[in-house]
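Structural overview
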Amino acid sequence: MSSEPRDPELERQRDADDEAVQVALAAAGRRPPLPPEDLASIEAAVLAAWRTQVGWRADAPRRPAWWLAASLAAALAVALGLAWWWAARPRPGALVATVEALRGDVDVVLDGGVVHRLAAGERLPSGALLRTAAPAAARPGRVALRLARGGGVRLDAGSGLRLVAPAVLALDRGAVYVDSGAGGPAARVEVRTPLAVVRELGTQFAVRVGGVRPDVVVRVREGVVVALRDGERRLARAGEELIVHADGRAELHPAAAWGGGWEWVMEAGPGFAIEGRTLRELLGWVSRETGWRVRLEDGLAGEDATIVLHGDTGTLRADRALFAVLPGAGLTGEVRDGTLVIRPRR
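Described below are features of the structure shown in this document. Since we're looking at a predicted model, the values are computed, not measured.

Let's shift gears to the packing of aromatic side chains. For the structure on display, the rule yields two aromatic pairs. Consider the rings of Tyr 177 and Trp 262, whose centres lie 6.2 Å apart with planes at 80°: the pair is edge-to-face. With Tyr 177 in strand β9 (residues 168–179) and Trp 262 in the loop between β17 (250–254) and α4 (263–268), this pair connects stretches of sequence that are 85 residues apart. A residue is classified by how much of its surface remains accessible, and Tyr 177, at 2% relative accessible area, is buried. Judged by centre distance (4.9 Å) and plane angle (20°), the ring pair of Phe 272 and Trp 285 falls under stacked. With a gap of 13 residues between them, Phe 272 in the loop between α4 and α5 (279–290) and Trp 285 in helix α5 connect regions that are remote in the sequence.

Glancing now at unusual backbone geometry. Notably, Asp 298 is not glycine yet its phi reads approximately 55°, a positive angle. With respect to the helices, strands and loops of the structure, Asp 298 is situated in the loop between β18 (293–296) and α6 (318–325). Classification of Asp 298 by relative accessible area gives partly exposed; the value is 42%. For Asp 337, which is not glycine, the phi dihedral falls at a positive 50°.

Along the chain, Arg 154 falls in strand β7 (residues 152–155). Assessed through its relative accessible area of 10%, Arg 154 is described here as buried. There is a polar contact of 2.8 Å between the side chain of Arg 154 and the backbone oxygen of Val 265. Leaving out residues up to four positions away in the same chain, Arg 154 has contacts with Val 143, Ala 144, Ala 175, Val 176, Tyr 177, Trp 264, Val 265, Met 266, Ala 268, Gly 269, Pro 270 and Glu 289.

Cut-offs used in this document
- Residues numbered from 1 in each chain as written.
- Predicted model: local features only at pLDDT ≥ 70, side-chain atom pairs only at ≥ 80, totals over all residues.
- Heavy atoms only, no water.
- Phe/Tyr/Trp six-rings, centres within 6.5 Å; stacked < 30°, edge-to-face > 60°.
- Helix = DSSP H or I, 4+ residues; strand = E, 2+ residues; numbered from the N terminus.
- Buried < 20%, exposed > 50% of the residue type's maximum accessible area, 1.4 Å probe, protein only.
- Polar contact = N/O pair within 3.5 Å; in protein donor to acceptor, adjacent residues only side chain to side chain.
- Contact = heavy atoms within 4.5 Å.

Structural data, given as structure tokens:
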């Protein structure tokens, strides 16, 4: 009985291919299962490709076993690529964001033109258009969203925002705030406006469209943002405000990371559940929400920040929740030029 001759080079290549497939599978992680009808289509396509590859016919002479196995392995690699592409491709209506906090009236327009009033906790698909009630309305609308790919987005009253894709937003009026550093790393967000495309290189910024003049105003609290228009790139860094005018001009000005221009962001945000949390956690939340720096004075040290808090501040915004909590912890605080100073109560 004879056996097929073994080719050492082919064996080494086959082992390398097997290892590459295993590494790719491990890196890709789990993927959603394919629908049965799609799996059947892929199987049929793979079988047809394999038959073409090996020149298969019912009356064809037999090929060596190792050659057929190598051809089938190549076809399987194609099938894996198709399956990964299918599972990872953007899908119309895929989940993009979840409503984290809601104030006033906000309407959402879904594909097909269906309009309904937004609800707390609602899951939003790609393509959804959010419209918040204007500041002069009986119930001005503001909303905070948690993006499916991490990070948070907030929308001011009188705004219109479309969720184009998991990390792509289209703002046609009003203002949007993006914090991709809240809750851990997140995908970088792109905000498209009628005048410019704003892409973040950092984590906290706000974009406003319109107002008295049809300008785009980008204010950066943390990190770096780039605005693209007509092939030109303009950077805005933390503590700066970039204004892109309709006529193409751009201006860059200093802008505080705290104060009146950011109050609507706090109004739109979710509250902070303090029960069982530490003072350090509360101060970290307050600093991120307000833009204040924090300093401990008069004998307070780092270990004091481990004080465990009790109570409930409900939906109070950060600057108000803090001063409601401090007395119960035996502390007092004041804000000096953007710095929150905490000290023991006397």
